[in-house]
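Listed below are the residues making up each chain.
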Amino acid sequence: MAQIKDQLREYLLNELNLPLQPEELQDDTLLVSDRIMDSISSLMLVEYLEKTFNISFEPHEVTAENLDSLNIIEAFVNQKQVSAKAA
Amino acid sequence: MYSFAPSEKQQHLQVSLAEFIRQELVPLLDPDAKAFPFEAWVKAGEQQLQGLAIPETYGGCGLDAMDVFLALETLGYHSEDNGFNFAISAHLLACTVPVWLFGTEELKAEYLPGLSNGARIAANAMTEPASGSNAFRMQTTALPLESGGFMLHGNKCFSSNAPVADVLVAYAANDPERAHMGGITAFLIDRKKHSFSTGTPLEKAGLHACPLGDVFFDRTQVEAHFVLGKMGRGALVFNRSMEWERSCLGATHIGNMQRLLDKAAKLINNTDAGAFGEAVRQEIAYWQAQLDAVRINGYAQAWQLSQKKANPRGAASSKLLISELYKKMTVALCNCLGEKQYLDGDFNRSQADALSSTIYSGTSEIQKQIIAQSIGL
Ligand SMILES: Cc1cc2nc3c(=O)[nH]c(=O)nc-3n(C[C@H](O)[C@H](O)[C@H](O)COP(=O)(O)OP(=O)(O)OC[C@H]3O[C@@H](n4cnc5c(N)ncnc54)[C@H](O)[C@@H]3O)c2cc1C
């Protein structure tokens, strides 16, 4: 479980270069609402999530609400993976 | 880290490209002409200048961003036709690169060879009469159709190469409310397959070889496989293309500035500089120092891009520093050389051509905004 968040943390800090110190990126830090992550970075994150976790966002799922914190993103990825297996 | 010393391969690239530009391209260019130089465009295609960054499998040169920068710097130095250099760079960086990065295999196989070898001319259609800096607040719509395709409707403006373009990379809102966050889609539009029209070239201050004009979509039907990336992800396509343009287009300006400084040195050495000679020498030396600094910054950013590291701040800084220096230096050189430059059209033309460099690919204020955001400001 922690694996998804670890990978995400690495991506957000080292690839997207979000303006945060590692210790400031908590599981519930609000990325979009607190304007840490802009919309372009959000779209880059969507592409990263699709590739890394083999999931696919529907157009209506590309929203700030689904990407706002490590907890939220992890839950979204898990839910997508479960529904992909069930299908 | 990039070593800053050009490798043997890079030196060879610069030398052979310089020879091609001087001997084969320049004779076909007239920097004072106000028409698109079709013959020179086709000639440039023989060396795939329009596809410098495109892999060889798709008919390009297969250079990474660092080598693209060096190649465009060479073009900027040896070709005095800054408008032609701009037409090539805009086509390559804002159109051909996003087709390569986001097109389907089918689309790439069909379009990249012609976009690289001079058979096709492309234009980027983003800006609209009511949306420039706030580009994603566009009014042109892309209505999703039941067939899976889209219907585009609306007007674009200030599109470089548009009046002569065969292909457009165009952006339209599939969901205007959502703007960049899922509401913009990027398309490849082909004049032979899709109905759109373009306006006559606008009268402008410089860059005469690169016609600038409007694009009109009137219920234009576009099939789904012409989408670049995915529906709603057009902001990503645009930003990637701007990252390339901001990182590499300024290389032509660097080449242009070095050419002017070299000419200035010759002019001063060959004439009696008079009582102000030392002051002028000092001023030229200071511009050279500033150029060396922004050039190294440009190399560092192009190198970053070649390492496939997203670095919006680096791209914005490189673009900001080069274009601001370009505009200031071209004015200052005309001033400090007095009547000596007046007889050489290159100084005057470059001054007019440099005017728009702080506007296209995002104005200087927009670059500062990107930099501020990257440091949490
Ligand atoms: C030679 C040339 C070639 C071009 N080629 C193309 C092309 O190929 N394709 C294309 O789509 N477009 C092209 N453009 C258009 C160009 O991208 C726009 O002109 C540019 O984005 C600015 O938009 P605008 O002109 O509407 O100015 P505006 O956005 O109206 O800006 C006016 C002024 O307000 C400032 N400003 C705006 N917003 C802010 C802000 N938030 N904070 C601080 N200041 C702000 C700007 O910096 C500027 O100084 C080209 C333009 C030129 C001059």
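Our structure is the block above this text.
Let us look at the structure shown here. This is a predicted model, so every value here is computed, not measured.

About the cut-offs
Residues numbered from 1 in each chain as written. Chains lettered and ligands numbered in written order. Predicted model: local features only at pLDDT ≥ 70, side-chain atom pairs only at ≥ 80, totals over all residues. Heavy atoms only, no water. Buried < 20%, exposed > 50% of the residue type's maximum accessible area, 1.4 Å probe, protein only. Helix = DSSP H or I, 4+ residues; strand = E, 2+ residues; numbered from the N terminus. Pairing = 2+ DSSP bridges. Contact = heavy atoms within 4.5 Å. Buried area = accessible area lost by both parts, 1.4 Å probe. Salt bridge = Lys/Arg side-chain N within 4 Å of Asp/Glu carboxyl O. Polar contact = N/O pair within 3.5 Å; in protein donor to acceptor, adjacent residues only side chain to side chain. Nonpolar A, V, L, I, M, F, W, Y, C, P; charged D, E, K, R; others polar.

1. Quick look at the pairing of strand S5 (residues 184-190) of chain B
All names here are of chain B.
Moving on, step 1. A large share of S5 lies buried, amounting to seven of its seven residues.
Moving on, step 2. Residues Ile 184, Ala 186, Leu 188 and Asp 190 line one face of S5 and the alternating positions Thr 185, Phe 187 and Ile 189 line the opposite face, and both faces are buried.
Moving on, step 3. Sheet analysis places strand S4 (residues 167-173) next to S5, joined by seven bridges and oriented antiparallel. Residue Leu 168 lies in a different strand from S5, and its bridge partner there is Ile 189.

2. Topic: the interface of chain A and chain B
Moving on, step 1. Across the boundary between the two partners, chain A contributes 21 residues, which contact 18 residues of chain B.
Moving on, step 2. Between chain A and chain B lies a buried interface of about 1,600 Å² when both sides are counted; carbon and sulfur atoms form 56% of it.
Moving on, step 3. If you sort the residues of chain A by the area they bury against chain B, Ile 40, Leu 43 and Glu 47 of chain A come out on top, with a joint share of 31%.
Moving on, step 4. The interface formed by chain A and chain B contains three salt bridges.
Moving on, step 5. Linking Arg 233 of chain B and Glu 47 of chain A is a salt bridge whose minimum nitrogen-to-oxygen distance equals 3.0 Å.
Moving on, step 6. On the surface where chain A and chain B come into contact, there are five residue pairs in polar contact (both at pLDDT 80 or more).
Moving on, step 7. Listed by contribution, the elements that provide at least two residues to the side of chain A that touches chain B are helix H1 (2-15) and helix H2 (39-53) of chain A.
Moving on, step 8. By residue number, the principal contributor to the side of chain A that touches chain B is H2 of chain A, which donates eight residues.
Moving on, step 9. When the residues that make up the side of chain A that touches chain B are grouped by side-chain class, the tally is 10 nonpolar, seven polar and four charged.

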